[in-house]
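# Coordinate inspection notes
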Amino acid sequence: MTREELAENIAITIKEYVGLDNHNGPGLKLSINPESLFVSVITESEMLTDIAESNEAIEDAAAAERPASEDATDYQVARNPDIYPVADFEKSSSSGKVVLDMDAIMAVAAKYC
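Conventions adopted
- Residues numbered from 1 in each chain as written.
- Predicted model: local features only at pLDDT ≥ 70, side-chain atom pairs only at ≥ 80, totals over all residues.
- Heavy atoms only, no water.
- Phe/Tyr/Trp six-rings, centres within 6.5 Å; stacked < 30°, edge-to-face > 60°.
- Buried < 20%, exposed > 50% of the residue type's maximum accessible area, 1.4 Å probe, protein only.
- Core = buried A, V, L, I, M, F, W, Y, C linked by side-chain atoms within 4.5 Å.
- Helix = DSSP H or I, 4+ residues; strand = E, 2+ residues; numbered from the N terminus.
- Pairing = 2+ DSSP bridges.
- Axes fitted to C-alpha atoms, helices over the stretch in contact; angles between N-to-C directions.
- Arc of directions from axis to C-beta.
- Contact = heavy atoms within 4.5 Å.
- Parallel < 35°, antiparallel > 145°, perpendicular 65-115°, else oblique.
- Left-handed = near helix turned anticlockwise from the far one by under 90°.
- Nonpolar A, V, L, I, M, F, W, Y, C, P; charged D, E, K, R; others polar.

To describe a pair of aromatic rings, you give the distance between the ring centres and the angle between the ring planes. Inspection of the entire model under this criterion finds one aromatic pair. Residues Y84 and F89 carry aromatic rings whose centres are separated by 6.1 Å and whose planes lie at 75° to one another, so their mutual orientation is edge-to-face. Exposure class is identical for Y84 and F89. Each is buried.

See the structure below:
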């Protein structure tokens, strides 16, 4: 996937979930899986649930105390998504309408591609 394709995917995901005509508040997060580049928008409570599940998987692997458990821990950490506030990718236009900040989106996409 190219940087431009990832940026377009991020923009589409935010537009579809948030709906820029009806801004949905500060609790929304952009989630990007660094391994698969899967992009989604989640709520803060979904983010906290994901963190708890990830921590549980890491603790389970650590409790096993064998070389395979280290691999499982590394795998789980690699699967953890990077989280960004959706508000970081929005800005107000001169007319006061909320629009996407494509410069910010491209900057994040550059981290992955």
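Back to the text.
With that settled, the discussion passes to the nonpolar core. By size, the foremost hydrophobic cluster in this structure holds 21 residues, and its most contacted members are I10, I14, L30, I32 and F89. Counting residues per element, the ones that place at least two in this core are α1 (3-18), β1 (29-32), β2 (39-42) and α4 (102-112).

Here the focus is the sheet that holds β2. Strand order in the open sheet formed by three strands is β2-β1-β3, and the pairing between neighbours is antiparallel. Edge positions in the sheet fall to β2 and β3 (82-85), since each has one partner strand and no second. Pairs of neighbouring strands in the sheet enclose a mean axial angle of 25°, with direction left out of account. Note: β1 against β2, four bridges, orientation antiparallel. Bridging across to β2, K29 finds its partner in I42.

Those residues of α4 lying buried are A104, I105, V108, A109 and Y112. Projected onto a plane normal to the axis of α4, the buried residues spread over an arc of 135° and lie on a single side. As for α4, its buried residues are in contact with α1, β1, β3 and β5 (98-100).

Moving on to the packing of α1 against α4. Viewed as axis vectors pointing N to C, α1 and α4 meet at an angle of 125°, and their least axial separation amounts to 8 Å. Classified by the angle between their axes, α1 and α4 sit oblique to one another. For the pair α1 and α4, the sense of crossing is right-handed. Here R3, E4, L6, A7, I10 and A11 of α1 lie close against α4, whose contacting residues are M102, I105, M106, V108, A109, A110 and Y112. When grouped by side-chain class, the residues that make up the contact of α1 with α4 number 11 nonpolar, no polar and two charged.

Let us now look at the pairing of β2. Side chains of β2 alternate between two faces, with V39 and V41 and S40 and I42 buried alike. Linking β1 back to β2 in an antiparallel pair, the connection comprises six residues, with L37 at a positive phi of about 65°.

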